[in-house]
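Listed below, chain by chain, are the residues.
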Amino acid sequence: MALQCGIVGLPNVGKSTLFNCLSNAKAQSANFPFCTIEPNVGVITVPDERLNKLAEIVHPQKIVPTTVEIVDIAGLVKGASKGEGLGNKFLANIRETDAIIHVLRCFDDDNITHVDGSVDPVRDKEIIDYELQLKDLETIDSRIAKVQKQAQTGGDKNAKIQYEVLSRYKEALEQGKAARTVTFESKDEQKIAHDLFLLTSKPVLYVCNVDDKSAVNGNKYVDMVKEAVKEENAEILIVAAKIESEIAEFDSYEDKQMFLEEIGLEESGVNRLIKAAYKLLDLETFLTAGPQEVRAWTFRKGSKAPQCAGVIHSDFEKGFIRAEVIKYEDYLALGSEAAVKEAGKMYVEGKDYIVQDGDIMHFRFNV
C-alpha cells in the first residue's frame, strides 16, 4: 500500500532539512529557492512500540515494521498556479500525493533568507492555499463547462449530480475556502468528489518549524498559525528541524532518549510527524506474531477482515474463511497465544468484522 504524504511549503522553511531527518534519502538543502527540483521520495518506517513488546514475548527471527512514503516537493512561490517558478511541475507532484504536510517557518534567523523578506507563517500558508485554490478553481470551471448544459437541459441524472458537486466546490473556492471544507452525504456525490482529485481536498497537517528554545511550548508564530487554522479541523505539530538534525546524528537509541530528556521532549519530532502522517492518511495497523516474524501491516481504517487478509496476500482474501483475533492488550497481559486461547480471549470473526488498530490477526483461508 504505497500511500504518500507530500511535504510542501515556501522555499527556505525547512522542508528538505526535515525530509533529511525523516529519510536516508538526502535531499539537497541550500539557502536558495528551487534547490529541490525533482521530488525526493523516502520510504519511512512507522515507529510502533507494540512490535518490540510483542517480540519480547514471541522471540521472533525478525521484526518487520510498516512504512509510509514521504515526498519532498520543491518550494512553491506566488504564481505557481500560472506556472511561475516551475509551478506546474510542483502542483503535479502534489496532485499525486494522498495527503499534504505543510511546513511553515516559525523561527527568526537573519542568516536564512525568506522569499518574501520577513517571517509570517500565516501569510506563507495563505500564499500556498491561494495557489492550490486557484488551480482547483481552474479544474472546476473546466468540468462545469462540460456538464452544465447536460445537467440543465437533459435528463442525465449523473450530469446533474456532477454539476451539483462542482457548483458547491466552486462556491467554496471562490470564498477562499479549501475543498476539504465541503462535505457530501450521498455515495454518488462522494465518488464524484473523490474522482476530481482536487489539491485542496487532501487532508493536511501543519508543521510549525521552530527554533530550539521553542521546541517544547512553541512561540508567537505557532500561536498565529493555531488561530489561523482553528476553523479547518487540521492538526498542528511543533517541530524544531535543527534539533531533529542533531538527534539524527546519534547512533544509539539510548543517546537519543537522553538528549530528548535534556531538552524536555518525550519523543522526537520526527517520530511524532511520521505517526501523524500515518493517521492523516486514515491508516491503521494490524499485527501478526509468530516465531518467524512479528510484523505490522497497514490497512485503511474501517476495513473488514477479508480486505485486511488481502493486504498479506490476495489468495487470503479470495479464499477467506474466518479470522482469529487477539487483542494486543490481552496478548501482553497473558503472555502467550496458548494462554490467550485458554482464557477464552481469542475471538473467531467472519467476513463482516471491522478490524481494529492493534488487532493480532491469524487468517484461515482455502483457495
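Notes on the structure follow. All values derive from a computational prediction rather than experimental measurement.

## Looking at the pattern of salt bridges
So, point 1. For the coordinates displayed, the defined rule picks out 19 salt bridges.
So, point 2. Glu49 serves as the salt-bridge partner of Lys275, at 3.1 Å between the closest nitrogen and oxygen. Of this pair, Lys275 sits in helix α10 (residues 269-280) while Glu49 sits in helix α2 (residues 49-58), and the two are 226 residues apart along the sequence.
So, point 3. Taking the relative accessible area as the measure of exposure, Lys275 reaches 27% and is therefore partly exposed.
So, point 4. With relative accessibility at 43%, the residue Glu49 sits in the partly exposed group.
So, point 5. When salt bridges with common partners are traced through the structure, they connect Asp48, Arg50 and Asp357 into a single cluster.

## Digging into the packing of helix α1 (residues 15-22) against α10
So, point 1. At a closest axis distance of 10 Å, the pairing of α1 and α10 adopts a crossing angle of 90°. On the basis of the axis angle, α1 is roughly perpendicular to α10. Residues Leu18, Cys21 and Leu22 of α1 pack against Val270, Leu273 and Ile274 of α10.
So, point 2. Looking at the contact of α1 with α10 residue by residue, the classes come out as six nonpolar, no polar and no charged.

## As for empty space enclosed by the protein
Over the atoms rolls a probe the size of a water molecule, and its path tells where empty space is left.
So, point 1. This model, assessed by the stated rule, comprises one cavity of 30 Å³ or more.
So, point 2. Computed from the structure, the largest cavity encloses a volume of approximately 40 Å³.
So, point 3. As for the largest cavity, its lining consists of Ile100, His102, Ile128, Asp129, Leu132, Arg180, Val204 and Tyr206.
So, point 4. Top element by residues in the lining of the largest cavity is helix α4 (residues 121-153). It accounts for three residues.

## Some words on α2
So, point 1. By the burial criterion, the buried members of α2 are Arg50, Leu51, Leu54, Ala55 and Val58. Relative to the axis of α2, the buried residues are bounded by an arc of 135° and lie together on one face.
So, point 2. Buried positions along α2 lie against β3 (62-64), β8 (283-289), β9 (293-300), α13 (328-334) and β12 (360-365).
So, point 3. Phi turns positive, to about 55°, at His59, one or two residues after α2.

Conventions and cut-offs
Residues numbered from 1 in each chain as written. Predicted model: local features only at pLDDT ≥ 70, side-chain atom pairs only at ≥ 80, totals over all residues. Heavy atoms only, no water. Salt bridge = Lys/Arg side-chain N within 4 Å of Asp/Glu carboxyl O. Helix = DSSP H or I, 4+ residues; strand = E, 2+ residues; numbered from the N terminus. Buried < 20%, exposed > 50% of the residue type's maximum accessible area, 1.4 Å probe, protein only. Axes fitted to C-alpha atoms, helices over the stretch in contact; angles between N-to-C directions. Parallel < 35°, antiparallel > 145°, perpendicular 65-115°, else oblique. Contact = heavy atoms within 4.5 Å. Nonpolar A, V, L, I, M, F, W, Y, C, P; charged D, E, K, R; others polar. 1 Å grid on protein atoms, 1.4 Å probe; cavity = no way out; pocket = protein on both sides within 12 Å on 5 of 7 lines; lining within 4 Å. Points joined across faces, edges and corners; volume = space filled by probe spheres on them. Arc of directions from axis to C-beta.

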